[in-house]
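For reference, the chains in residue letters:
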Amino acid sequence: MSTSGSTTFNLDLNNIVEEAFERCGLESRTGYDLRTARRSMNLMAIEWANRGINLWTVDQQTIVMNTGQPIYPLPVDTIDILDAVIRTQAGSTYNQTDINISRIAEPTYMSIPNKLTYGRPIQMYVNRQTGLSNSTTITLNGGITASDTTITLSTTSGLASTGFIKIGSETISYTNVDPTNNQLTNCWRGQNGTTAAAHLTGAAITVQNLPCVNLWPTPNPPGNQYTFVYYRLRRMQDAGEGGTYEQDIPFRLLPCFVAGLAYHMAMKKPDVPPDRIMMLQADYEKQWDLAASEDRDKASVRFVPRNMFYYR
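Note that the structure is predicted; figures quoted are calculated from it, not measured.

So, the sheet that holds strand β2 (residues 71–73)
As a general point, the strands of a sheet are linked pairwise by backbone hydrogen bonds and lie either parallel or antiparallel.
Piece 1. Strands sit in the order β2-β13-β6-β5 across an open sheet of four strands; the sheet is mixed. Both edges of this open sheet fall to β2 and β5 (102–103), since each of them pairs with a single strand only.
Piece 2. Pairing between strand β6 (residues 123–127) and strand β13 (residues 212–216): five bridges, direction antiparallel. Following the sheet pairing, V126 is matched in β13 by V213.

Shown next as structure tokens:
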């Protein structure tokens, strides 16, 4: 007998939903069934992010540092930073060096007396914001060029003392607010992959609650010598509107994903018996344990004792 010779099996959204409904003892009949299943998929993707590290959502990002800029935005779909280094001489073939940077909590960062001390960053505080944008009634009071670092607004009332705003398609970071003159000072233009641009007076201001990293000491590299290199955990992509989209998960996790969707759908359907719901929940947890034990780093761990000596 011959085999198929292919290894491309996957399930699109329609097939995942059909399989989940069949496990519930139901049939997917209406467009609403697909919509409610898609909503459950997106909620389950968030649940998976809370359960642990999803290796397929780990990617590497870099941020080139600016002299005097202490706070840097992260991509809006960032859940958390896993590891980070400060890279010197980035791009140099022989002189590039990665230096560890330690992560600290908010109370430790707040206790630093002078957060604007210049030097090579050795500590970082990760501020895990929602990533949501809030519209405001604030507008530009006077046009600005692409290089202006002081921005005058109609009012600064309600703005945080440091943060991010969006004008048009440009994200701008600011580190000081002057309420007397309604100005944002020490602004860093074209942040988070956007491009600095000129804006006309009256332009609308949007507040962006971006996840960000606070570095200490504040970078002082001549000619952008330092680069912040980090591995992050990103959000899984949303379940697509079209039924032919595949999900943002490896094929090996499909059994867990289908089992989870079946359990979530069973809880929403009144005609699914309680004993079947319990069975689906048990199967989901079993499939999750199998998936979690497989989706992990398999490198060996080596512990080296550290000798310490005390002198009197």
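Focus on the environment of T149
Piece 1. Within the secondary structure layout, T149 lies in the loop between β7 (133–139) and β8 (151–152).
Piece 2. Accessibility expressed as a relative area gives 42% for T149, which makes it partly exposed.
Piece 3. Measuring from C-alpha to C-alpha, the distance between T149 and L184 comes to 8.2 Å, with 35 residues separating the pair along the chain.
Piece 4. Other than its neighbours up to four places away in sequence, T149 contacts L184, T185, N186 and C187.

Considering the packing of aromatic side chains
Piece 1. What the rule picks out here adds up to six aromatic pairs.
Piece 2. Ring centres of W48 and W56 lie 6.3 Å apart, and the angle between their planes is 80 degrees; on these two criteria the pair is classed as edge-to-face. Across the pair, W56 and W48 agree in class, each one buried.
Piece 3. Geometry around W288 places R51 over its ring, the cationic atom sitting 4.8 Å from the centre.
Piece 4. Over the ring of Y109 we find K115, and its NZ or CZ is 5.5 Å from the ring centre.

Some remarks on unusual backbone geometry
Piece 1. A cis geometry characterises the amide bond from W216 onward to P217, with omega recorded as -10 degrees.
Piece 2. Within the element layout of this structure, P217 appears in the loop between β13 and β14 (226–234).
Piece 3. If you check the backbone angles, N182 has positive phi at about 55 degrees while not being a glycine.
Piece 4. Relative to the helices and strands, N182 is located in the loop between β10 (170–178) and β11 (183–191).
Piece 5. For N182, a relative accessible area of 21% puts it in the partly exposed group.
Piece 6. For N186, which is not glycine, the phi torsion reads 55 degrees and is therefore positive.
Piece 7. By the element assignment, N186 lies in strand β11.

Structural notes on the sheet that holds strand β1 (residues 58–64)
Piece 1. The four strands lie next to each other as β1-β14-β3-β4, forming an open sheet whose pairing is antiparallel. Every interior strand has two partners, whereas the edge strands, β1 and β4 (97–100), have only one. For this sheet, the mean inter-axis angle between neighbouring strands, taken without regard to orientation, is 35 degrees.
Piece 2. As judged from the nine bridges shared by strand β3 (residues 78–88) and β14, these two strands associate in the antiparallel manner. The residue of β14 that forms the bridge with T78 is R234.

Rules and cut-offs
Residues numbered from 1 in each chain as written. Predicted model: local features only at pLDDT ≥ 70, side-chain atom pairs only at ≥ 80, totals over all residues. Heavy atoms only, no water. Pairing = 2+ DSSP bridges. Helix = DSSP H or I, 4+ residues; strand = E, 2+ residues; numbered from the N terminus. Buried < 20%, exposed > 50% of the residue type's maximum accessible area, 1.4 Å probe, protein only. Contact = heavy atoms within 4.5 Å. Phe/Tyr/Trp six-rings, centres within 6.5 Å; stacked < 30°, edge-to-face > 60°. Lys NZ or Arg CZ within 6 Å of the ring centre and 35° of its normal. Axes fitted to C-alpha atoms, helices over the stretch in contact; angles between N-to-C directions.

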